[in-house]
Amino acid sequence: MALQMALVMGPLALILSAYGRLIVARLWLGATGRLPWRLMTFLEEAHTRGALRQTGARYEFRHLRLQECLEASSPSNEPETTDTSAVR
């Protein structure tokens, strides 16, 4: 009984933890092509090539034109406007 419970609760605890959610997110974003599979290698190479600068524990894009290009290609975070004229 204890072994069965451990087999169920172990993966569940991993998935619900912050590390488990990170792994699931990286797998999903990598599979959909929105994130490189080897993220840290990508960030380190971009840093050595001068595209990124490291500020503490985070990376920032060095060039404003690159930031604007990436921002323009990302989906907007603005809420969609709804037409309320049909609703009464």
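What you see is a predicted model; the values in this text were computed from it and never measured.

Cut-offs used in this document
Numbering of residues begins from 1 in every chain and follows the order in which that chain's sequence is written. Per-residue local features of the predicted model are confined to residues with pLDDT of at least 70, and side-chain atom pairs are confined, for both listing and counting, to 80 or more; whole-chain, interface and lining totals are unaffected and use all residues. Just so you know, side-chain values use all the structure's heavy atoms and leave hydrogens and water out. Here, a salt bridge means any side-chain nitrogen of Lys or Arg that lies within 4 Å of a carboxyl oxygen of Asp or Glu. Think of it in three bands: with a 1.4 Å probe and only protein chains considered, a residue is buried below 20% of the maximum accessible area for its type, exposed above 50%, and partly exposed in between.

Peer 1: Can you tell me about the pattern of salt bridges, naming the residues and giving the values?
Peer 2: If you walk through the whole model with that rule in mind, you get three salt bridges. Across the pair Glu 45 and Arg 49 runs a salt bridge, and its minimum N-O distance is 2.9 Å. With a relative accessible area of 39%, Glu 45 lands in the partly exposed category. Under the relative-accessibility criterion, Arg 49 is labelled exposed at 67%. A single salt-bridge network, built from bridges that share partners, covers Arg 53, Arg 58 and Glu 60.

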